[in-house]
Amino acid sequence: MTETDPTGQAPRPTASAPAPMPGMRLILGLLAAVLLSLVFGLWGAWQVFAPSGTNPQRELGAAAAQIEGLQQQVATLTRSDQISRDANRELQGTLAERDEEIVALRADVAFYERFVGSTAQRRGLTVHELRLQPRTDQGWHYTATLTQSLSRDAASTGEMRLAIEGTRGGRIETLEWADLRPGTDAGGVAFSFKYFQQIEGDIVLPPGFQPLRVTVRLAPERGGAVDRAFSWADVTPRSGPDA
């Protein structure tokens, strides 16, 4: 395109804008990318460091309340577990006691059936059992169980005495009933029963006497005398004196 010169001279061509170079485009693109990255970085930093809209004191109080509630729950569960353990321990003890009672009752039933049962074997007057329990250094409490089932229509009556053999001062010695109960009537302990009877009483051993054997002597009103000897170790507890 040409322009007309007002002076009448020949027209001059019009100059056009220079075209952008390829290198300039690359630089502009890089600058745009850097600016965009900077903008995103500033936005992310603002998200991280910007103040939160919640109240920190309120959050701390809520956390403390939650911790306290959990501690109370733990304390309650611990106490409940302890109560359950104690109750279980008491129950086990009660069951053990009941088992012992059942065993004792069964033994008593078996003992009674030996004398009053229809198929029980009939036996004459005898000493079924003897037990001695310590009371003092020389004092002992005896329990003798006497039985008979031969004469079921009449009661057995008579007297019982004890005699104890042992050593004192290196010599063998026998203590008769009167020696075991100083200061009391020398008469024996009366018994009267149809099937069985337990006789209890106390005896005293002299100092320095070491017992070895106990003899229970029964003198019924009818029939001959009955003697039964027991080892001292068999009729006394293991932890008792001179046992």
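To be clear, the structure that these remarks concern was listed above.
Predicted model, so just to flag it, every value in this text is computed and none were measured.

J.: Whenever I open this one, the overall build of the protein confuses me. Can you help?
T.: Counting its secondary structure elements, the protein contains four helices and eight strands. Sequence-ordered secondary structure for the protein, helices as α and strands as β, is α-α-β-β-β-β-α-β-β-β-β-α. Split into buried and exposed, the 243 residues of the protein put 21% on the buried side. Relative to all contacts within the protein whose residues are 6 or more apart in sequence, the contacts with residues 24 or more apart total 64%.

J.: Is there a simple way to think about the sheet that holds strand S1 (residues 126-134) in this case?
T.: The pairing of strands in a sheet comes from backbone hydrogen bonds and takes either a parallel or an antiparallel form. Spatial ordering of the open sheet is given by S1-S2-S6, a layout of three strands whose pairing is antiparallel. Looking at the sheet topology across the chains shown, the edges are occupied by S1 and strand S6 (196-204). Sheet twist, expressed as the average angle between the axes of neighbouring strands with direction ignored, equals 20°.

J.: Please clarify how the environment of glutamate 129 should be interpreted in this entry.
T.: Inspection of the secondary structure assignment puts glutamate 129 in strand S1. For glutamate 129, a relative accessible area of 32% gives the class partly exposed. The spacing of glutamate 129 and valine 216 is 87 residues in sequence and 9.9 Å in space, taken between C-alpha atoms. Setting aside residues no more than four positions away along its own chain, glutamate 129 makes contact with Thr143, Ala144 and Thr145.

J.: Any chance you could explain the pattern of salt bridges here in plain terms?
T.: Working definition: two side chains of opposite charge can pair if their charged atoms are close together. For the structure shown, the criterion picks out nine salt bridges. A salt bridge links arginine 161 to glutamate 159; the shortest N-O distance between them is 3.1 Å.

J.: Could you clarify how one ought to interpret the packing of aromatic side chains in this entry?
T.: The relation between two aromatic rings is expressed through the spacing of the ring centres and the mutual angle of the planes. With the rule as written, the count across this model stands at three aromatic pairs. With a centroid separation of 6.2 Å and an interplanar angle of 70°, the aromatic rings of tyrosine 142 and tryptophan 177 are classed as edge-to-face. Of this pair, tyrosine 142 sits in strand S2 (residues 139-147) while tryptophan 177 is found in helix H3 (residues 177-180), placing the two residues 35 residues apart along the sequence. Owing to a relative accessible area of 1%, tyrosine 142 belongs among the buried residues under this scheme. For tryptophan 177, a relative accessible area of 3% gives the class buried. Ring centres of phenylalanine 191 and phenylalanine 193 lie 5.9 Å apart, and the angle between their planes is 45°; this geometry places the pair in the tilted category. The pair formed by phenylalanine 191 and phenylalanine 193 is uniform in burial state, with each residue classed as buried.

J.: Whenever I open this one, the nonpolar core confuses me. Can you help?
T.: Within soluble globular proteins, side chains that are nonpolar tend to cluster in buried spots. In terms of nonpolar packing, the biggest core is built from 27 residues, with Tyr142, Leu146, Met160, Ile203 and Leu218 touching the most fellow members. Among all residues touching leucine 218, those that are not within four sequence positions of it are Leu125, Thr126, Val127, Leu146, Glu159, Met160, Phe191, Ala225, Val226 and Asp227.

J.: Help me out: how do you make sense of the pairing of strand S8 (residues 226-231) in this one?
T.: Two faces make up the sheet, and in a regular strand the side chains alternate between them. In terms of strand pairing, strand S7 (residues 210-220) meets S8 through six bridges, oriented antiparallel. Of the residues in S8, the one forming a bridge with arginine 213 is serine 231. Counting the residues that bridge the hairpin from S7 to S8 gives five residues, and of these glycine 223 lies at a positive phi of roughly 95°.

J.: Help me understand a nonpolar patch on the surface in this model?
T.: Nonpolar side chains collect at one region of the surface, where Met24, Ile27, Leu28 and Leu31 lie side by side and expose about 400 Å² of accessible area between them. Relative to the helices and strands, leucine 28 resides in helix H1 (residues 22-49). Overall, the relative accessible area of 51% leaves leucine 28 in the exposed class.

J.: So what exactly am I meant to see when it comes to the side chain of serine 156 here?
T.: Take serine 156: it is sitting in strand S3 (residues 156-168). Here serine 156 falls in the buried class, since its relative accessible area comes to 14%. Excluding residues within four positions of it along the chain, serine 156 makes contact with Leu125, Gln148, Phe191, Ser192 and Phe193.

The rules behind the values
Residues numbered from 1 in each chain as written. Predicted model: local features only at pLDDT ≥ 70, side-chain atom pairs only at ≥ 80, totals over all residues. Heavy atoms only, no water. Helix = DSSP H or I, 4+ residues; strand = E, 2+ residues; numbered from the N terminus. Buried < 20%, exposed > 50% of the residue type's maximum accessible area, 1.4 Å probe, protein only. Contact = heavy atoms within 4.5 Å. Pairing = 2+ DSSP bridges. Axes fitted to C-alpha atoms, helices over the stretch in contact; angles between N-to-C directions. Salt bridge = Lys/Arg side-chain N within 4 Å of Asp/Glu carboxyl O. Phe/Tyr/Trp six-rings, centres within 6.5 Å; stacked < 30°, edge-to-face > 60°. Core = buried A, V, L, I, M, F, W, Y, C linked by side-chain atoms within 4.5 Å. Patch = residues over 30% accessible without salt bridge, like charges linked within 9 Å, V, L, I, M, F, W, Y side chains within 5 Å. Areas by Shrake-Rupley, 256 points an atom, 1.4 Å probe, with all protein chains shown as cover.

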